[in-house]
Amino acid sequence: MENSEKVEELLLSMEEKLEKTVNVLRDEFAGIRAGRANPHILDKVLVDYYGTPSPINQVGNISVSDAKCLVISPWDVSLLKGIEKAILASNVGLTPTNDGKVIRLVFPDLTEERRRDLAKQIKAISEESKVAVRNIRRDTMDSLKKMKNAKEISEDECSGYEKDVEKTIAGYIEKIEKHTADKEKEIMSV
């Protein structure tokens, strides 16, 4: 019974790693600007808040005023300059306008060339995720083979588990491809 628990633990660990890989992919995609105002592009931008680097969403309110404009209202007006500098220093490709009370970020329409560049970037991120998934599969399969060679599980059991692993991996590759197709569609739609 102990060996099947070991296998179950191995498969659960694999599933957790796969889930993390898909979540990282989603987070990466959220940071890609699609021509529409999206507060998530500011998730990685840090502002100096009294000596502590803090995400913008923790020092003020970020709202979408219309499809092409984000408005950042800091809780402390003295942070306006710091937020402006942080956005300029980050690589989000937007220029903030500061009116003394709030900061506005206007999202310009994407050019066809920029859309293609973003589509390439999306494909690259997607491919990295697929490689990570394949590495997880390889590690899991190696562990199953070691258990089989150590006579902890039979050859038939090992074969059955390997089929389960392949099925799970195929499902996650499909998820990655769906997220990729959705993001490409979002980028390419004018």
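A brief look at the structure comes next. None of the values given here were measured: they were computed from a predicted structure. (Residues numbered from 1 in each chain as written. Predicted model: local features only at pLDDT ≥ 70, side-chain atom pairs only at ≥ 80, totals over all residues. Heavy atoms only, no water.)

**Things to note about the layout of surface pockets**
Counted as a void, the largest pocket has a volume near 510 Å³. As for the largest pocket, its lining consists of 19 residues, of which Gly-31, Ile-32, Ile-41, Asn-91 and Val-92 are closest to the centre. Contributions of two or more residues to the lining of the largest pocket are made by α1 (2–30) and α3 (112–149). Top element by residues in the lining of the largest pocket is α3. It accounts for four residues. Here the lining of the largest pocket is built from residues that sort into seven nonpolar, six polar and six charged. (1 Å grid on protein atoms, 1.4 Å probe; cavity = no way out; pocket = protein on both sides within 12 Å on 5 of 7 lines; lining within 4 Å. Points joined across faces, edges and corners; volume = space filled by probe spheres on them. Helix = DSSP H or I, 4+ residues; strand = E, 2+ residues; numbered from the N terminus. Nonpolar A, V, L, I, M, F, W, Y, C, P; charged D, E, K, R; others polar.)

**Some details on helix α4 (residues 155–188)**
A rise of 1.5 Å per residue sets the reference length of α4, with its 34 residues, at 50 Å; its end C-alpha atoms lie 49 Å apart and thus fit the reference within 8%. On its buried side, α4 packs onto α1 and α3. (Expected span 1.5 Å × (residues − 1). Contact = heavy atoms within 4.5 Å.)

**Some details on the pattern of salt bridges**
Scanning all chains against the criterion turns up 12 salt bridges. The partner of Arg-104 in a salt bridge is Asp-99, with the nearest N and O atoms 3.8 Å apart. Assessed through its relative accessible area of 35%, Arg-104 is described here as partly exposed. Among the salt bridges present, the one from Asp-182 reaches Lys-178, with a minimum N-O distance of 2.9 Å. Separated by four residues within a single helix, Asp-182 and Lys-178 lie in helix α4, roughly one turn from each other. Overall, Lys-178 belongs to the exposed group, its relative accessible area being 53%. (Salt bridge = Lys/Arg side-chain N within 4 Å of Asp/Glu carboxyl O. Buried < 20%, exposed > 50% of the residue type's maximum accessible area, 1.4 Å probe, protein only.)

Worth remembering: the numbers are spatial, not functional.
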